[in-house]
Each structure stands twice: as structure tokens, then as C-alpha cells.
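# Close look at the chain arrangement
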Amino acid sequence: MTPEPTSSKPKAADRASAAKAVDWSNFRDHISTADQQGRRKWVYPRKVGGDFYRWRTRFSWLLLSLMLAGPFITINGNPLLLMNVVERKFVVLGQIFWPQDMIIFAIALLLCAVSIVVFTTAFGRLWCGWACPQTVMMEMVFRKIEYAIEGDAPNQRQLDRAPWNAQKISKKMLKHGMFFALSFLVGNVLLSYLIGWRNLYQIVTDPPAAHLAGLGFMVGFSLLFYGIFARFREQACTFVCPYGRLQSLLLDENSIVVAYDRKRGEKRGPLRRAQKFTARRYAGLGDCVACNQCVAVCPTGIDIRNGTQMECVHCTACMDACDAVMEKTGNERGLIRYASLNGIEYGKPLRFTPRLAGYAVVLVALATVLGLMLFLRSDVEATVLRAPGSLFQQMPDGRFSNLYTVRLVNKTSREMPVELRLESPAGSLSVMGQGPIVVAPQKSSGNSMLIELDPAVMKPGTTPLVVGVYSNGRKLETLKTAFIGPRN
Ligand code: SF4
Ligand code: SF4
């Protein structure tokens, strides 16, 4: 019997029964930006103002200036940050890292990961709200342009529902034109961190056929960022960013998060005209006046009064909105504030928990290892090998010679004169076929080196050799190799 062909696409009936299985009254059972048919609910967050928003705006200008200026800032002639994967060249804070430094790079990445863990355990998603490029660009650049062109949330909703007319077309064209121009800028900034601004300039100024791959990346990044900021938005934080998912593992009841003070706020209820808060409390009501302003400003569409949620990017908008309501109603600010669960429930301050202490020990150990490795890292990477296929030779004066190949990598951005000295045992060392070795900046060179030893200092068979690598009289590295001679 031939089996019935099956479709991998879920049927509408299956989707409906899956939707029925969801407990829509439980906010933890579904995401706030999808309706019961699984369609996306577009979030129209209201404009927000307040102390936190002002500080975030200032901080975002600082970060955006750094991001835009970064590719042009140099330290010792090297860029501030360069991640050229194609040419395997990495520069961090002006320090060049070569493929040979990968262990340092790996430890630095590990240190970053542990720092994130420690930081998140103590302070929640402070990074997401204040410094994450996605939030900064979305809330401080793209959202502001949207408000300027389409107005606040109610106007945007109205515009989206309105039929297409000249006004709507012109507003949408202006908005999306500006979004694409900005996405092109962001894409190019990212590209300049990957290949350096000089290479980017060449791609822009040379004929297009000369840099098809570069142009492809330029267009690809622009479209990607346009897609993220124009359409994908908060979904990037909810579905794509692994950090958001990690928070459920990292946060505990002592972590500082954006939190609603349930004890103070509940039981919520509207504030009647001229009603005093003391009277409300007497009537069993809390400080939350159920105005929903905290929900209206949330860019991820959640209600923070339900508790800490994966979608919350700690943008502080609900804190500002609620503080404004509290001020207007003559109540104390901070109904929604930075606090830990233990802080809210039991009034406990931030504690250095054993878990945090454990993370901190790992962090300090990694930082120490990294610091030592950076401190001991040489400006020159040198390797020595016996020249392939060569045997020892006896000179007319009775001494023996071995031929070696020395590879030198200059990790600095300046020319480096290098001198090789035989340190043990006594003998002579000469670099073949050229004058003093000079390695060009950020380049490597291969050199042939001849070592001659007197039989009196040689051991039968193999004699250990120590060669010092010097530059301008300063020892940079010690090389160890073997000198081959007769067995007796
Ligand atoms: S803004 Fe404050 S008072 Fe208004 S609903 Fe939210 S928590 Fe309650
Ligand atoms: S709940 Fe508050 S802090 Fe979290 S994303 Fe929404 S507005 Fe921002």
C-alpha cells in the first residue's frame, strides 16, 4: 500500500488546536507580540520622557559617537578595533593579534563570557537597556525618526489603518528612505570594523567590478540592518539574541532587575478624583493606579507588573512612565525601579552571594592569566627549524656546521631590526646571504642561519642550542633547538 503523502506544513486545524492548547490568560504561556492566530502584533510604544530616558539619551550619544569615530581612531598607528577574519588580522585597542596569539584571544573571549555572567547575575540586563547596539540604535535613533515623521503611538496606529493617500505615501517613503540611508551607514561602519576604513574607501571609489564581494557585503549588511530596524525590531531581542535566553539561567532572587514593587503596588485600581493614597491603602488598594502607562511605553509590549520576563530589555521606559504617574498623583517615585526580588519582598540590599563570589574568583583568575600573557607577549614571534634535508657538515678547520631556517613575525606597526645571538654553547652564528635582518611592520620574514660549533663543546649526536632574539639591544625571545653532529 502506498503511504498517503504528508505535508511538512502544519494544517490550519493543527495550528488552531495548538493555539487552543496555549493558556492565553497566562502571560508565561505565550509571547505578548503574537495573537491567538500566531500573527505578529505590531508594538506601538508611546513616547517616553524622564530622568532615565535623559541619561540613556546622553549615554547613547557617547556610544554612537564612539561607534562612528572608532574606525578612524588609531593607537600607535593601529586601529582601535579591527576584526579582519579574511586576512586573519585582529586589532584590539591598537594591539595587533596574530593567529599565533589565538590562545590570548580565546582567554579574552572566555573572560568576556565570564564577565557577562558575573555582571548579569549582579545587575541583570543593564547592558541590554543601556549599551546594546540593537537597543541604542532602535530606541535612540530609528524610533526617534519614526516619532518625528509619524508622530506618537496613537498617530502611528491611525496612519497604519488609514487608506493609502498622498500623505501616508510621503510619510512612509520619507521614513523608510531615512531608515535605509541609516542602515547603509550602520552597515558600512560594521564593514569598516571588519576590513578597515581604507579598504572600505577603496571599495567605494574603485570600479564596482573590482570589489564584487565587498559590494555584496555592503548591500547585504544594509539590507540586514534595514530589515532589523524597520521590521524585525524587538523580535531580534526575543527570538535571536542568546543573551536574553541566558538570563533565566543567570538571574536569581538577588539580581538587580527592572522590577515592579508588587507589595507596594497591589491591589491595583484606578485613582478616583481627589482620592488620597492613604485612603486608598485604607480601602485595601495599593499604589498602582492601573493607568497602564508602563505597558504603553514598553518597546517589547510586555506588562512588567507580571514579573521579570524574558522579553524585558531593561530599557527603563516603564520606570520613567510610572515615575511620571507617581509624581502627578503626588506619590513617591519608584513603584517600578531597579531592585532585586529579595529587595522587594524582604527589603534586602544587593548581596555578594556565594554564587557571585564563585563567578568572581573565576573572573579574577582569568583576568590574571590574560594580564600575564599580555605582559609577557613578545613583539616578535620567532620559530627555528633545521633546514629541511640538510645534514651537518665539517669545515676545513675541523668545526661542524648546521643550517637552520628562522621565521620571524613582527607584530608591531614599526620596522624591527632583529639580531640573532648564539647564547649556548660557545660558537658562531651567521645569517646567510644578507645584511642585518629588518622585518617590515606586521609582516613575517624567513631567514637562513648557519651555526658553527667546535667539537670540544659538542655532545655526541645532539647538542642543545640556545639562540637569543634581540632588537635594539633588547632581548625579545629565546629560541631552543638542537645541533646535530657525529655520534662519536
Ligand atoms: S505606570 Fe505605574 S501606576 Fe500606572 S499601571 Fe504601571 S505600575 Fe501602575
Ligand atoms: S518592561 Fe520596562 S524595562 Fe522592560 S522592556 Fe518593557 S519598558 Fe523596558
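Quick note: structure is the one above.
Residues numbered from 1 in each chain as written. Chains lettered and ligands numbered in written order. Predicted model: local features only at pLDDT ≥ 70, side-chain atom pairs only at ≥ 80, totals over all residues. Heavy atoms only, no water.

## Focus: the sheet that holds strand S15 (residues 462-471)
- Strands sit in the order S13-S11-S15-S16 across an open sheet of four strands; the sheet is antiparallel. The open sheet has two edge strands with one neighbour each: strand S13 (437-439) and strand S16 (474-484). Taking the axes of each pair of neighbouring strands and ignoring which way they run, one obtains an average angle of 35° across the sheet.
- As defined by bridge partners, S15 adjoins S16 across 10 bridges and the pair is classed as antiparallel. (Pairing = 2+ DSSP bridges. Helix = DSSP H or I, 4+ residues; strand = E, 2+ residues; numbered from the N terminus. Axes fitted to C-alpha atoms, helices over the stretch in contact; angles between N-to-C directions.)

## A look at the layout of surface pockets
- Of the voids in this model, the largest pocket is the one considered here, and its volume is about 1400 Å³.
- Surrounding the largest pocket, 33 residues form its lining, Met 67, Leu 81, Trp 127, Ala 131 and Pro 133 being those nearest its centre.
- Contributions of two or more residues to the lining of the largest pocket are made by helix H2 (51-69), strand S3 (81-84), helix H3 (102-123), helix H4 (126-130), helix H5 (133-150), helix H7 (166-195) and helix H9 (212-232).
- The element contributing the most residues to the lining of the largest pocket is H3, with six residues.
- Looking at the lining of the largest pocket, its residues break down into 30 nonpolar, three polar and no charged.
- In this structure, the second largest pocket occupies an estimated 560 Å³ of space.
- As for the second largest pocket, its lining consists of 23 residues, and the residues nearest its centre are Pro 79, Leu 82, Glu 87, Lys 89 and Gln 442.
- Counting residues per element, the ones that place at least two in the lining of the second largest pocket are strand S2 (78-79), S3, strand S4 (89-92), H7 and helix H8 (197-205).
- Taken together, the residues of the lining of the second largest pocket sort by class into 10 nonpolar, eight polar and five charged. (1 Å grid on protein atoms, 1.4 Å probe; cavity = no way out; pocket = protein on both sides within 12 Å on 5 of 7 lines; lining within 4 Å. Points joined across faces, edges and corners; volume = space filled by probe spheres on them. Nonpolar A, V, L, I, M, F, W, Y, C, P; charged D, E, K, R; others polar.)

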